[in-house]
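An overview of the molecular structure
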Amino acid sequence: MPDPLVTAPQSPARLKRHLLGRTIRKLDRRGKYLLFELDSNELLVIHLRMTGRLTRTQLPLTTAEKPHLRLMLRFADNTALVFHDTRRFGKSFILAATGAGAYWKKLGPEPLESSFNRKYLYQALAKRKRPIKSVLLDQAIVAGIGNIYADEALFEARIHPLRPAGDLDAEEIQRLVRSIKATLRRAIRLQGSSIDTYRDARGRKGRFQETFTVHRRQGEACPVCKDIVQKIKVGGRGTYFCPRCQS
DNA sequence: CGTTAGCCCTGCTGGC
DNA sequence: TGCCAGCAGGGCTAAC
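A brief report on the enclosed structure follows. (Residues numbered from 1 in each chain as written. Chains lettered and ligands numbered in written order. Predicted model: local features only at pLDDT ≥ 70, side-chain atom pairs only at ≥ 80, totals over all residues. Heavy atoms only, no water.)

1. A look at the sheet that holds strand S6 (residues 79-85)
The sheet built from 3 strands is open, its strands ordered S4-S6-S5 with antiparallel pairing. Looking along the sheet, the strands with just one partner apiece sit at the ends: strand S4 (52-58) and strand S5 (69-74). Across the sheet, the mean angle from the axis of one strand to that of its neighbour is 20°, orientation sign disregarded. Relative to S6, S5 runs antiparallel, the two sharing 5 bridges. The partner of Leu 73 across the bridge, within S6, is Leu 81. (Pairing = 2+ DSSP bridges. Helix = DSSP H or I, 4+ residues; strand = E, 2+ residues; numbered from the N terminus. Axes fitted to C-alpha atoms, helices over the stretch in contact; angles between N-to-C directions.)

2. With respect to the side chain of Glu 110
By the element assignment, Glu 110 lies in the loop between helix H3 (97-104) and helix H4 (118-125). Within the structure, Glu 110 has its side chain in polar contact with the side chain of Arg 29 (distance 3.0 Å). The residues contacting Glu 110, other than those within four sequence positions of it, are Arg 29, Arg 30, Gly 31, Phe 116 and Ala 143. (Polar contact = N/O pair within 3.5 Å; in protein donor to acceptor, adjacent residues only side chain to side chain. Contact = heavy atoms within 4.5 Å.)

3. A short note on the packing of aromatic side chains
Going through the model one piece at a time under the given rule, you end up with 7 aromatic pairs. Between Phe 93 and Tyr 103, the ring centres sit 5.5 Å apart and the planes meet at 50°, which makes this aromatic pair tilted. Placement of Phe 93 in strand S7 (residues 91-95) and of Tyr 103 in helix H3 is noted, with a sequence separation of 10 residues between them. Here the aromatic residues Tyr 33, Phe 93, Tyr 103 and Trp 104 are joined through ring pairs into a cluster of three or more. (Phe/Tyr/Trp six-rings, centres within 6.5 Å; stacked < 30°, edge-to-face > 60°.)

4. Comments concerning the pattern of salt bridges
This model, assessed by the stated rule, comprises 14 salt bridges. Linking Asp 3 and Arg 70 is a salt bridge whose minimum nitrogen-to-oxygen distance equals 3.7 Å. Taken together, the positions of Asp 3 in the segment before helix H1 (4-7) and Arg 70 in strand S5 put the pair 67 residues apart, joining distant regions of the chain. Asp 3 sits in the buried class, given a relative accessible area of 9%. Judged by its relative accessible area of 13%, Arg 70 falls in the buried class. Linking Asp 151 and Lys 133 is a salt bridge whose minimum nitrogen-to-oxygen distance equals 2.8 Å. Within this pair, whereas Asp 151 is found in helix H6 (residues 147-156), its partner Lys 133 is found in helix H5 (residues 132-137), the two being separated by 18 residues in sequence. The structure contains a network of salt bridges with shared partners spanning Asp 3, Arg 70 and Arg 88. (Salt bridge = Lys/Arg side-chain N within 4 Å of Asp/Glu carboxyl O. Buried < 20%, exposed > 50% of the residue type's maximum accessible area, 1.4 Å probe, protein only.)

5. Describing the protein's contact with DNA strand B
The environment of DNA strand B is made up of Leu 5, His 68, Thr 86, Arg 87, Arg 88, Phe 89, Arg 128, Lys 129 and Arg 130. Within 4 Å of the protein, the atoms of DNA strand B are drawn from sugar and phosphate moieties in a proportion of 73%. The side chain of Arg 128 places a nitrogen or oxygen atom 3.2 Å from a phosphate oxygen of DNA strand B. Here a phosphate oxygen of DNA strand B sits 2.8 Å away from a polar atom, N or O, in the main chain of Lys 129. Among the residues forming the surface near DNA strand B, the class breakdown is 2 nonpolar, 2 polar and 5 charged. (Near = heavy atom within 4 Å. Nonpolar A, V, L, I, M, F, W, Y, C, P; charged D, E, K, R; others polar.)

Rendered as C-alpha cells:
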C-alpha cells in the first residue's frame, strides 16, 4: 500500500482502487507535475518535490531499493515503477478527466512555449510589488521554475532578485524571458540538478549543478566580475546573487 | 485581490 | 569529537 502521506488528502486505498488493472496510455507533464494518463480516462499525477525519485525496476526489489519507498506500480511484465522519497514531500493523486481542466487552470504558461514571451511577462509583472524572484517561483505566473533556476536566470539577466517585479523595464523583461528559456534548456540538456538525491528515470545524476554560476555559491567569486556572491532570503527561499552584476 | 507567514517532512550541515 | 538546532524547499492554507 502507498505511504498515506504521499497520497494525502486521498487515501492509499483509493489510489490503489483507481490503479488496479489499469493501463498507462500516455505520459505527459504540466509545470512540475508528471501526468500518467490511464485507460480509465483518469490521470495519475505525481509531483516529486525536492527528494522524490521515479525509476523503473525489475521485481523483486533489491535491498537497496527498499528504503524510502513510498509508492510502487507493479506491471504485468514483472517490472515496477517505484517512487522513492526520503523527505516524504512528494505527492501523488488521482484526477478525474472531467476535473483536469479546472485543476491546471491555476498554472501559468509553460516557460519553453511561445506563449511565454516578453509581451506575456510584461503584462503579468505590471503593477506587482513583490520581488521578481518570488514572482518567478509563483506557478500561476509561469509553471515549472524552481529555486535553482530562478537564481540562475536572474543572474544571467543581470537583475537583482529583490527588484519589485512591476519596476522592470521592457528591456529587462526581454532579457529575463531569454535567460529563463536558456537556463531551462541548458539544465534539461545536462539532465537536471543533482544537489541532493535527484536521479533521472534511469537512475543517473544530473550535471547542471556543476555549472551553477551563483546558486549555492555564497562567498565564492562571481564568474563574470569576481565580486563575492551573496546569499539572502527572499520569500523564505535561499537566494544567491552577485551584488555587482545584478543591480 | 495581492501578499506574506507558517506548515509539512527528514537527512544533512554548521556552529559550538 | 560529538551534539543538536536549524536549514533545505514546493505548494497549500490562513491571515491580513
